[in-house]
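# Chains, contacts and geometry: an overview
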Amino acid sequence: MQMEAKNFSTKLVSSNSNVYTEVYRVDEDQKRMLYRSEPTKQPKLLWRSFTVQSDDLYGTDGVDSQIEIVCISEEEKEGVIGQAVVSMEVAKAMEPISIFNESYKQGRKPIGEVRICRYQQLRVCSFLDYLRGGTSLKFAIAIDFSIRDPANVTHNDYQQYSNDIEFVVRCLADTLEPFNPTNSWLSYGFGAKIPPHYRDSNNFCLSLDVDATCQGVNGILNAFGKSYQNVHPLQGAKFSQIIYHLAKQAQNNFNRANEPPNYYVLFIITRGSIEDLKETVQAAIFASKAPISIVFVGVGCEGLDEIERMGNAGKRLEFQGRKSERDNLQFVNATKTRLECDNYSDMSTVFLEKSLQQIPWQCSTFYMQNHVLPGKSSSESVETSSGGLTVLASSSSRRPSSAHGQMEEEEEARMRTTSSSSGPAMDHFRSRRNRLSTEMRSMTLDDSR
């Protein structure tokens, strides 16, 4: 719960000087400042709204405490103009509260009044609350096939890009599996000429079929391999089309009141050959109004500056007077993450920390801003959601599949590390992955910011 007090108005007997207010919680043996307003100078003083946590007002025991409102002039000779001590119940009634000056020789003198013009209690819900209430997560992945300078691309470059794609897909799909009961991913490609007519396309099904759904890691990688062999890469890609497509899909789902809410998470894997930066910024601003988070995953060490700036812009994103309504973007460079680590387990752990850490907060923030509270779930749905989180906490520490293990061995050989896939190295792998899962789970339990 949070309290919002808006438009404090105070009538003062004297003074055209700048006046500000301070609000204190008063206990038996001490008082604690909750808020200090900005100074203002008007015949009728209006201060901005502010937010206070309920624990600060009532304490953890929920007992109604008293608050003290103090009006102070910035002029040294005037100082404290007046004050009042009332209970929260009186303050919430939004009736005028008399302000008294205690320094007059004749005793207490009323000098005006203060009134809370607006009081609202807000319930703060966590990511876990929404999962328990029936919210589902839908995951989508979009792979950029464009190449900035195809004439200078070698076979090793193609192989490195393919390895980066496999690394990202395996890390994400394996870790997010407990949140994805159907194990299905919406999978798209862009930045290529696609068969049979080989026309430019910036939004096509990764499997080159009519259905964008792929099942699990192998389904995504098989679809990527099929596209990789059949499409012709463009020299630049347009990101806006895929962002608009998923954002509209998420918004349409949100507008259907008779269906349980779905929160979308889109991972865009790119080498940074963006042709429509302005349009992509507009698409990202549009997506900030929809239940979707967008994670830009950069591969390679060059050409990603514009994507990184946009991914880290947050609510500062703006285009022609239109501003992003919330922070739903983030950026992570997968290649740099791999180069900074010595072995595969460290790579996957660091990459997942960077790419997933904002999603719980972004999800709960969207629903709170749109006044959507978690639905009342049955005991069965609560057990299901809780079980999913338990699986997430343990999935990172389980042994990888044979394909995942083979990838780890190849990665270790490529990085020329000396640690093996068993013994101390495997213990280290389990420890790091388990620590990541613990951090992810803690974010689902407490993500209020």
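Since we're looking at a predicted model, the values are computed, not measured.

## Considerations on the pattern of salt bridges
- Considering all chains together, one arrives at six salt bridges under this definition.
- The residue Arg36 makes a salt bridge to Glu22 at a minimum N-O spacing of 2.5 Å. Here Arg36, found in strand S4 (residues 31-36), pairs with Glu22, found in strand S3 (residues 19-26); they are 14 residues apart in sequence, far enough to count as distant.
- According to the relative accessible area criterion, Arg36 is partly exposed, its value standing at 48%.
- Arg338 serves as the salt-bridge partner of Asp164, at 2.2 Å between the closest nitrogen and oxygen. Linking Asp164 in helix H4 (residues 155-176) with Arg338 in helix H9 (residues 334-340), this pair joins segments that are 174 residues apart in sequence.
- Note on Arg338: relative accessible area 2%, which makes it buried.

## A word on the environment of Tyr344
- Along the chain, Tyr344 turns up in helix H10 (residues 344-356).
- Spatially, the C-alpha atom of Tyr344 lies 9.3 Å from that of Phe167, the residues being 177 residues apart in sequence.

## Regarding the sheet that holds strand S15 (residues 199-201)
- Here we have three strands laid out as an open sheet, ordered S15-S14-S18, and antiparallel in their pairing. A single partner strand is all that each edge strand has here, and the edge strands are S15 and strand S18 (232-233).
- In this structure, strand S14 (residues 192-194) lies alongside S15, joined through three bridges in antiparallel fashion. Counterpart to Ile194 in the pairing with S15 is Arg199.

## So, the packing of aromatic side chains
- The full count for this structure, using the stated rule, is 20 aromatic pairs.
- Between Phe145 and Tyr228, the ring centres sit 6.5 Å apart and the planes meet at 40°, which makes this aromatic pair tilted. Of this pair, Phe145 sits in the loop between strand S12 (136-144) and H4 while Tyr228 sits in helix H5 (residues 216-230), and the two are 83 residues apart along the sequence.
- Residue class for Phe145 comes out buried when judged on its relative accessible area of 3%.
- We classify Tyr228 as partly exposed; its relative accessible area is 26%.

## Describing the packing of helix H6 (residues 240-255) against helix H7 (residues 277-287)
- Closest axis-to-axis distance for the H6/H7 pair is 9 Å, and the angle between their directions is 10°. The angle between the axes of H6 and H7 places the two elements in the roughly parallel class. Crossing handedness for the pair H6 and H7: left-handed. Contact residues: Ser240, Ile243, Tyr244, Ala247 and Lys248 in H6; Glu279, Thr280, Gln282, Ala283, Ala284, Phe286 and Ala287 in H7.

## A short note on the environment of Lys41
- Mapped onto the elements of the fold, Lys41 is located in the loop between S4 and strand S5 (45-46).
- Given the relative accessible area of 54%, Lys41 is considered exposed.
- Spatially, the C-alpha atoms of Lys41 and Val19 are 6.3 Å apart, while their sequence positions differ by 22 residues.

## Points about the nonpolar core
- Among the nonpolar cores identified, the biggest contains 50 residues, and Trp185, Phe267 and Phe351 are the most heavily contacted of them.
- Mapped onto this core, the elements with two or more residues apiece are helix H3 (127-132), S12, H4, H5, strand S19 (262-270), strand S20 (292-298), H10 and helix H11 (359-369).
- With nine residues, the top contributor of residues to this core is H4.
- Those residues in contact with Phe267 that sit more than four places away from it in its chain are Phe139, Ala140, Ile141, Ala142, Leu172, Leu176, Trp185, Val295, Leu356 and Ile359.

## Thoughts on the confidence of the model for the chain
- When pLDDT is averaged along the chain, the result is 76, and 75% of the positions lie at 70 or above.
- For residues 1-14, every residue scores under 50 in pLDDT, and the model assigns this stretch 70 contacts once sequence neighbours within four places are set aside.
- Ignoring residues within four places in sequence, the model shows residues 376-422, a span with pLDDT below 50, making 70 contacts including any to other chains.

## Structural notes on the environment of Val114
- Note that Val114 resides in strand S10 (residues 109-115).
- For the pair formed by Val114 and Ile97, sequence separation is 17 residues and the distance between their alpha carbons is 5.1 Å.

## What to know about the side chain of Ser207
- By the element assignment, Ser207 lies in the loop between strand S16 (204-205) and strand S17 (213-215).
- Its relative accessible area of 15% is what places Ser207 among the buried residues.
- A polar side-chain atom of Ser207 sits 3.4 Å from the main-chain carbonyl oxygen of Asp211.
- Residues in contact with Ser207, not counting those within four places in the same chain, are Ala223, Lys226 and Ser227.

The rules we used
Residues numbered from 1 in each chain as written. Predicted model: local features only at pLDDT ≥ 70, side-chain atom pairs only at ≥ 80, totals over all residues. Heavy atoms only, no water. Salt bridge = Lys/Arg side-chain N within 4 Å of Asp/Glu carboxyl O. Helix = DSSP H or I, 4+ residues; strand = E, 2+ residues; numbered from the N terminus. Buried < 20%, exposed > 50% of the residue type's maximum accessible area, 1.4 Å probe, protein only. Pairing = 2+ DSSP bridges. Phe/Tyr/Trp six-rings, centres within 6.5 Å; stacked < 30°, edge-to-face > 60°. Axes fitted to C-alpha atoms, helices over the stretch in contact; angles between N-to-C directions. Parallel < 35°, antiparallel > 145°, perpendicular 65-115°, else oblique. Left-handed = near helix turned anticlockwise from the far one by under 90°. Contact = heavy atoms within 4.5 Å. Core = buried A, V, L, I, M, F, W, Y, C linked by side-chain atoms within 4.5 Å. pLDDT = per-residue confidence, 0-100. Polar contact = N/O pair within 3.5 Å; in protein donor to acceptor, adjacent residues only side chain to side chain.

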